[in-house]
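This is what each chain is made of:
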Amino acid sequence: MNGGISKSLKASFSYCVQQVRTYDYHHYICLLHLPHATRKAAFALRAFNIETSRARDLATDPKTGLMRLLWWQEALNRIHSGKLIEHPVAQSLSWVISNHKISKHWLKRSLDARITDANRDEGFIPQSISEMEKYAEDTQSTLLYLMLQANGVQSTVADHAASHIGKASGLVLLLKSIPHHLNRYGKILYLPADVADKHGLLVKEGEWGEIRVGTSEMGPGGKLADAVFEVASIASAHLRKARDLSGTVPGDANRVLLPAVPAQVALDELEKRRFDVFDSRLSKGVFGGSPLLYQLKLAWHAWRNKY
């Protein structure tokens, strides 16, 4: 990853790699299977996603988290104007944009989705599964579109597969975030109101309503597990649709689309735990599974050039 770039830029890319390895390990392993020439781009893009996705969690209050995102909004504008920014991820992104002709549109769309989410009223919850799918598309599918660009793949079919994989990945990550958000904010933020209402979890107070979960609704076979199962089933359907396209996706796109594998692993582990997102085993290893088995599964898919 170090050929033909300055010492400062090498350090920036090393920072990106370390961030992805620390905070996004399942995708870190995916990126190791990409062609050497495009790994720098992939690590920079994933590191950018980490910066924006963690902005609110790193902040002590919502306004500070929003300010971090608005800083990145300005940073993207400056990067595309050719201005230097003293931040390792920004420096790496600047090089990637220049060398791989990365679209500003997709980067902006991803960031705008984070900003819109951070700007929502405190009591807001998504009203439908389609709202959650759109958020997953805007934050996860966009990364795959950018990586396809960086790998020189121009294919409507590959983009279509990437859209489904991103939606599946995003939905899974939102489900897995339920315990964290309940612990931090005292409420469930990313379960659609229509699904929660269907399973008797929605209390209709205020403009949006609130999802309330007591001890009796938690655990395997509880109402929350039923609601999680419904959302997970939609994520599974997206993965099936993506794989139905595999026969017509260009071969050089397949390794970019390897994130289908961790999404499937996460869904399989959720199923093993009967869709109880509070099962402590899900926080260990890779989505609750063995890291070694996960690496072997990814290597098998990469060797077969399948996602």
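Residues numbered from 1 in each chain as written. Predicted model: local features only at pLDDT ≥ 70, side-chain atom pairs only at ≥ 80, totals over all residues. Heavy atoms only, no water.

- As recorded by an unreviewed UniProt entry, the protein carries the name NADH dehydrogenase (Ubiquinone) complex I, assembly factor 6 and is attributed to Carex littledalei.
- The Sequence similarities (unreviewed entry) field of the UniProt record for the protein holds the comment "Belongs to the NDUFAF6 family." (UniProt positions renumbered as here; feature names shortened; annotations may be inferred.)

### Comments concerning the nonpolar core
Here is step 1 of the chain: Within the largest apolar cluster, 102 residues are counted, with the highest numbers of intra-cluster contacts made by Leu107, Leu191 and Tyr307.
Here is step 2 of the chain: Looking at this core, the element that brings in the most residues is helix 8 (residues 129-150), giving 10 residues.
Here is step 3 of the chain: Formed jointly, this core draws a minimum of three residues from each of two domains, domain 1 (8-119) and domain 2 (122-306). (Core = buried A, V, L, I, M, F, W, Y, C linked by side-chain atoms within 4.5 Å. Buried < 20%, exposed > 50% of the residue type's maximum accessible area, 1.4 Å probe, protein only. Helix = DSSP H or I, 4+ residues; strand = E, 2+ residues; numbered from the N terminus. Domains from an automatic or database assignment.)

### Observations concerning the pattern of salt bridges
Here is step 1 of the chain: Across all of its chains, the model carries 12 salt bridges by this definition.
Here is step 2 of the chain: In this structure, the salt-bridge partner of Lys198 is Glu230, at a minimum N-O distance of 3.3 Å. Here Lys198, found in helix 11 (residues 193-198), pairs with Glu230, found in helix 12 (residues 223-244); they are 32 residues apart in sequence, far enough to count as distant.
Here is step 3 of the chain: The closest approach of N and O atoms between Arg281 and Asp279, which form a salt bridge, is 2.7 Å.
Here is step 4 of the chain: Classification of Arg281 by relative accessible area gives partly exposed; the value is 42%.
Here is step 5 of the chain: A residue is classified by how much of its surface remains accessible, and Asp279, at 12% relative accessible area, is buried.
Here is step 6 of the chain: What you see here is one network of salt bridges that share partners, running through Arg109, Lys134, Glu137 and Asp138. (Salt bridge = Lys/Arg side-chain N within 4 Å of Asp/Glu carboxyl O.)

### Thoughts on the packing of aromatic side chains
Here is step 1 of the chain: Tallying each qualifying case throughout the model produces 9 aromatic pairs.
Here is step 2 of the chain: Consider the rings of Trp71 and Trp72, whose centres lie 5.0 Å apart with planes at 90°: the pair is edge-to-face.
Here is step 3 of the chain: Relative accessible area serves as the criterion here: at 38%, Trp71 is assigned to the partly exposed category.
Here is step 4 of the chain: By relative accessible area, Trp72 is classed as buried at 3%. (Phe/Tyr/Trp six-rings, centres within 6.5 Å; stacked < 30°, edge-to-face > 60°.)

### Quick notes on the side chain of His164
Here is step 1 of the chain: Relative to the helices and strands, His164 resides in helix 9 (residues 156-176).
Here is step 2 of the chain: The exposure class assigned to His164 is buried, which follows from its relative accessible area of 9%.
Here is step 3 of the chain: Here His238 takes part through its side chain, which lies 2.9 Å from a polar atom of the side chain of His164.
Here is step 4 of the chain: The contacts of His164, once residues within four sequence positions are left out, are His238, Lys241 and Ala242. (Polar contact = N/O pair within 3.5 Å; in protein donor to acceptor, adjacent residues only side chain to side chain. Contact = heavy atoms within 4.5 Å.)

### Quick look at the side chain of Ser128
Here is step 1 of the chain: Relative to the helices and strands, Ser128 resides in the loop between helix 7 (104-119) and helix 8.
Here is step 2 of the chain: With near-sequence residues (within four places) excluded, Ser128 lies in contact with Pro192 and Asp194.

### Examining the packing of helix 3 (residues 36-53) against helix 8
Here is step 1 of the chain: Packing of helix 3 against helix 8 leaves a shortest axis separation of 10 Å and a crossing angle of 160°. With respect to helix 8, the axis of helix 3 lies roughly antiparallel. Of the two possible hands of crossing, helix 3 and helix 8 adopt the one that is right-handed. Facing Thr38, Ala41, Ala42, Leu45, Arg46 and Asn49 of helix 3, the residues of helix 8 in contact are Thr139, Gln140, Leu143, Leu144, Leu146, Met147 and Ala150.
Here is step 2 of the chain: Among the residues making up the contact of helix 3 with helix 8, the classes are represented as 8 nonpolar, 4 polar and 1 charged. (Axes fitted to C-alpha atoms, helices over the stretch in contact; angles between N-to-C directions. Parallel < 35°, antiparallel > 145°, perpendicular 65-115°, else oblique. Left-handed = near helix turned anticlockwise from the far one by under 90°. Nonpolar A, V, L, I, M, F, W, Y, C, P; charged D, E, K, R; others polar.)

### Observations regarding helix 7
Here is step 1 of the chain: For helix 7, with 16 residues, the first-to-last C-alpha span of 22 Å sits near the 22 Å given by 1.5 Å per residue.
Here is step 2 of the chain: What helix 7 keeps buried is the set Trp106, Leu107, Ser110, Leu111, Ala113, Arg114, Ile115, Asp117 and Ala118.
Here is step 3 of the chain: Tucked inside the fold, the buried residues of helix 7 contact helix 3, helix 4 (55-58), helix 5 (62-80), helix 6 (88-100) and helix 8.
Here is step 4 of the chain: By the N-cap criterion, in which a side-chain oxygen at the helix start approaches the backbone nitrogen of a residue two or three places on, helix 7 is capped by Ser103, the distance to His105 being 3.1 Å. (Expected span 1.5 Å × (residues − 1).)

### Focus on the state of the cysteines
Here is step 1 of the chain: The tally for this structure, following the rule as stated, stands at 0 disulfides.
Here is step 2 of the chain: In this structure Cys16 is a free cysteine whose sulfur lies 17 Å from that of Cys30, the closest cysteine sulfur available. (Disulfide = S-S within 2.5 Å.)

### Focus: the domain arrangement of the protein
Here is step 1 of the chain: In terms of domain boundaries, the protein breaks down into domain 1 (8-119) and domain 2 (122-306).
Here is step 2 of the chain: Computed from C-alpha atoms alone, the centre-to-centre distance between domain 1 and domain 2 is 21 Å.
Here is step 3 of the chain: With 29 residues of domain 1 at the interface, the matching set in domain 2 holds 30 residues.
Here is step 4 of the chain: Between domain 1 and domain 2, roughly 2,800 Å² of surface is buried when both sides are summed, and carbon and sulfur atoms account for 60% of that area.
Here is step 5 of the chain: Sorting the residues of domain 1 by area buried against domain 2 places His26, His33 and Trp106 first, and these three jointly supply 22% of that buried surface.
Here is step 6 of the chain: Counting across the interface, domain 1 meets domain 2 through 2 salt bridges.
Here is step 7 of the chain: Taken together, the links from domain 1 to domain 2 amount to 12 residue pairs in polar contact (both at pLDDT 80 or more).
Here is step 8 of the chain: Elements that contribute at least two residues to the side of domain 1 that touches domain 2 include exactly helix 2 (25-31), helix 3, helix 4 and helix 7.
Here is step 9 of the chain: It is helix 7 that contributes the most residues to the side of domain 1 that touches domain 2, 7 residues altogether.
Here is step 10 of the chain: Of the residues in the side of domain 1 that touches domain 2, the class split is 14 nonpolar, 8 polar and 7 charged. (Buried area = accessible area lost by both parts, 1.4 Å probe.)

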